[in-house]
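Chain residues, written in single-letter form:
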Amino acid sequence: MLSFLVKRILATVPVLLIVAVLVFLLLRLTPGDPATIIAGDAASPENVAKIRENLGLSKPLLVQFGIWFGNLMAGDLGESYFFKMKVSTLIGQRIEPTLALSFCTIVIAVLVAVPLGVIAAWKQGGWLDRALMGFSVMGFSVPVFVLGYLLIWLVSLKLALLPVQGYQRIADGFGPFIRHLILPSITLSVIYIALIARVTRAAVQDVLSEDYIRTARAKGLPEVRVLVGHALANAAVPILTVIGIGIALLIGGVVVTESVYGIPGLGRLTVDAVLARDFPTIQGVILFFSFVYVLINLLVDLSYLVFDPRIRY
Amino acid sequence: MGAVLEIRNLAIALPRGGDRAQAVAGVDLTVERGEIVCLVGESGSGKSVIAHAVMGLSPKELKAVAGEILLEGEDILRASPERLRELRCVRMSMIFQEPMTALNPVMRCGDQIDEVLAMHTALGAAERRERVRRVIEEVHLPDPERMMASYPHQLSGGQRQRIMIAMALIMNPVLLIADEPTTALDVTTQAQILKLIRELQQNHGTGVLFITHDFGVVAEIADRVAVLRLGTLVEMRAKADLLARPQHEYTRMLIGSVPGIEPKRQGGGETAPLVLKAAGLSKVYRSGGFLSARRAVHAAEDVSFEIRRGQTLGIVGESGSGKSTVARCIARLIDPSAGSVSLGSDEIATVSARALRPLRRRVQIVFQDPYRSLNPRRTVGEAIIEGPLNYGMGRAQALARARSLMETVRLDPDALDRYPHQFSGGQRQRICIARALALEPELLIADEAVSALDVSVQAQVLRLFDEIRERMNLAMLFITHDLRVAAQVCDHVAVMSRGRVVEYGATREVFGAPRHEYTRALFAAAPGRGYTFGSPS
């Protein structure tokens, strides 16, 4: 168990290294010069050259990489060209909205999808099962921004139930905080509901044909106990896996959702940084995301231990 | 009247497209208090259908269309789902064939038993715990506290079946339905479980409906026997009477098909040329390594034997004894860790993969499960000729050989272009034999090749094996867990336990006077040894 943990944590090092190199190189290969953007449209060539010199962009690529990587090893993600502050501070400032949005999204998705999936598996071929499967096809195919603007139009503009856009820090009161989060979370969770419900349905359906389900019924247990206590508990591993993948994919999803709802989170930061060719910020955010991704995978693997006593690392 | 279960004129419909209109029809059956009634039949006879109907666990497609099932006078067929739930595990309980899969793998055994009490009683947690502990003691499991805290995968098959029995009997039901509860267990474990069921049933006066296909088990445990054939009861009488004087022709055929435990073959042929010689054969599985402790499992250790042309050697042992490992090493499906296997004058244990190819033809295997050892998407003809084609035979010639082999295994040669699902289990096993023979092997390995078959079919396939060996002058390696089967076909037997051969000799000698303690335990556990089955008729 301990050796598994050590091995897994050691394994994250090469993954992050490869990500660091790739991010650095890819950014340098894409067209667009940060110095020109910072200098503005009317800047003179000398001015641009000066900015470029200041940012260290005139040095050879390998040297640039060496400096950045050296700082990285020392725990320094560098300083943003555009926001003029440390990238780590920037990430710290923007993380709360993203965490709040991701958390709400995944909670909504799990709370809705798992029961739906279980019921669909139980009443396989029934109207609810078919409705759910229809819904999940839709959930997969409607783009996030379409659904987002549709919900804003309906709930905020027509019904005036919730704020249109923006974000309130949790420190400024829980009521406004949650009111601002509901629509974005619902928007974002639709695709995960579709995904998790489908996987839950398939996993529970498999388990329902097992002998121990017959044993549970032969004990005289009511169906709810059979479904939740016996079927769902045994279907946990594939469901957890897909929830883990879902959380990881969310990172991509928040970029669009934060833009639609004007939430100042990491997604928005990424978009702004890309538009400004703000290399240190982009590199920092992507590295951070990769780290979170690896961490979530590790947590999912560890959670198997809790749900399936047969698994030993 | 002490009848706990009374089935009257029961008929259950089969869904459209079944092999008959009704799964069971016109079945009358009673189980008295404190009595064990064995319901015997081959696969597809409808015995499990009846058992599930009594518990109200039948799938929707299998609807009772006539008759009644009275549990202490109350009609199960007309009971509401809620009422059925109240009765289950309280008045009637069921234990199943596969203890390996019948328990929830992610729930502690103690909790699984506790669930029954929590559902059906108003006892507090401490009282329930005490009751669970007592029932675990009652089924003679050691260390109840540890058993309660264990997950099913930490227990052996026999222990799991004891947990199932504890769970079924904790509420002291009047009726226990046992659906082939020992079929998946080794003989020594089977003997213990049968004894346990007998003991508990007598202590509590439980009525038992015991479903089995095995007349050995019937002889051990039944008070009365009901014989079911294609959904109808053909005969129902007291055990001794039925076994000694079966009235119905079908019952006589079934009892006659049970292989006797007296060795049939004389041995001999000691001067025939040696086909296979295994010496010091071992297989070790290693796991672990980097950062975790190394473990080595000795699946087979220092196994030596020889087989001459025209002879059959049986390897007998319980599950985990290493008998299949040996078979796989001989066929080089897995690589032995040490020792030598010589086929005629060629060594096959160590040769390279390339040099092995021409040798493969000379050793062929027939596996246990005929339902899974044929590719469902290939016609049986394709399956049979694949081997010869691989070794360069022309298609026309291979097909001609396949036709003649179909006749050898008593199947219609015109059936070559059919698919496996169109054949029964016994027929499929014949096809597997034909496929093995198509390469004209010198050694034929049968790995539990008749274990999955009904007795009547088993008897036919055993006869076929014997015939083929004689006609083709083959050497045969016959792997089995069943002493009766070994007695029918083997000239020599090697008894294996925990990877080692503990006794090896002529079948007559080993069966007549077993020397090793383990062999004696195996014989003592063989069900129904007091009865002579398969008497020549």
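Let me begin by describing the structure that accompanies this report. (Residues numbered from 1 in each chain as written. Chains lettered and ligands numbered in written order. Predicted model: local features only at pLDDT ≥ 70, side-chain atom pairs only at ≥ 80, totals over all residues. Heavy atoms only, no water.)

### Some points on the overall build of chain B
Then step 1. Broken down by element type, chain B carries 20 helices and 20 strands.
Then step 2. For chain B, the spread of C-alpha atoms along the principal axes amounts to about 75 × 60 × 45 Å.
Then step 3. Across the 537 residues that make up chain B, the buried fraction comes to 55%.
Then step 4. Here the analysis covers contacts within chain B between residues at least 6 apart in sequence; of these, 70% occur between residues at least 24 apart.
Then step 5. Carbon together with sulfur atoms contributes 47% to the accessible area of chain B, which is approximately 23,200 Å² in total.
Then step 6. Taking the average place of the 67 positive charges on the side chains of chain B and the average place of its 62 negative ones, the gap between the two points comes to 4 Å. (Helix = DSSP H or I, 4+ residues; strand = E, 2+ residues; numbered from the N terminus. Buried < 20%, exposed > 50% of the residue type's maximum accessible area, 1.4 Å probe, protein only. Contact = heavy atoms within 4.5 Å. Areas by Shrake-Rupley, 256 points an atom, 1.4 Å probe, with all protein chains shown as cover. Lys, Arg positive; Asp, Glu negative; His and termini not counted. Charge placed at Lys NZ, Arg CZ, Asp CG, Glu CD.)

### Re the interface of chain B and chain A
Then step 1. Taken residue by residue, the interface counts 26 residues in chain B and 22 residues in chain A.
Then step 2. The junction of chain B with chain A conceals about 2,200 Å² of combined surface from both sides, 62% of it contributed by carbon and sulfur atoms.
Then step 3. For the chain B face of the interface with chain A, the top three residues by lost area are Pro105, Val106 and Glu115 of chain B, together amounting to 25%.
Then step 4. Taken together, the links from chain B to chain A amount to two salt bridges.
Then step 5. One salt bridge in this structure joins Glu115 of chain B and Arg225 of chain A, with 2.4 Å as the shortest N-O distance.
Then step 6. Across the contact surface, chain B and chain A share 12 residue pairs in polar contact (both at pLDDT 80 or more).
Then step 7. Elements supplying a minimum of two residues to the side of chain B that touches chain A: helix H1 (47-55), helix H3 (99-102), helix H4 (109-120) and helix H7 (157-169) of chain B.
Then step 8. Among the elements that line the side of chain B that touches chain A, the one with the most residues is H4 of chain B, at five residues.
Then step 9. Of the residues contributing to the side of chain B that touches chain A, the split by class is 16 nonpolar, six polar and four charged. (Buried area = accessible area lost by both parts, 1.4 Å probe. Salt bridge = Lys/Arg side-chain N within 4 Å of Asp/Glu carboxyl O. Polar contact = N/O pair within 3.5 Å; in protein donor to acceptor, adjacent residues only side chain to side chain. Nonpolar A, V, L, I, M, F, W, Y, C, P; charged D, E, K, R; others polar.)

### Looking at the pairing of strand S10 (residues 232-238) of chain B
Residue and element names in this part refer to chain B.
Then step 1. Bridging between strand S9 (residues 224-229) and S10 involves six bridges; their strand directions are antiparallel. Following the sheet pairing, Ala226 is matched in S10 by Met236.
Then step 2. Linkage of S9 to S10, two consecutive antiparallel strands, is achieved through a turn of two residues, within which Leu230 is found at a positive phi near 45°. (Pairing = 2+ DSSP bridges.)

### As for the nonpolar core
Residue and element names in this part refer to chain B.
Then step 1. Formed by 92 residues in total, the largest nonpolar core has its most connected members in Leu175, Phe210 and Phe215.
Then step 2. Counting residues per element, this core draws most heavily on H7, which supplies seven residues.
Then step 3. Those residues in contact with Phe210 that sit more than four places away from it in its chain are Ile36, Val37, Cys38, Leu39, Ala178, Pro181, Leu194, Ile197, Val217 and Ile221.
Then step 4. Counting residues in hydrophobic clusters, the runner-up holds 53 residues, among them Val187, Ile431, Val461 and Tyr518. (Core = buried A, V, L, I, M, F, W, Y, C linked by side-chain atoms within 4.5 Å.)

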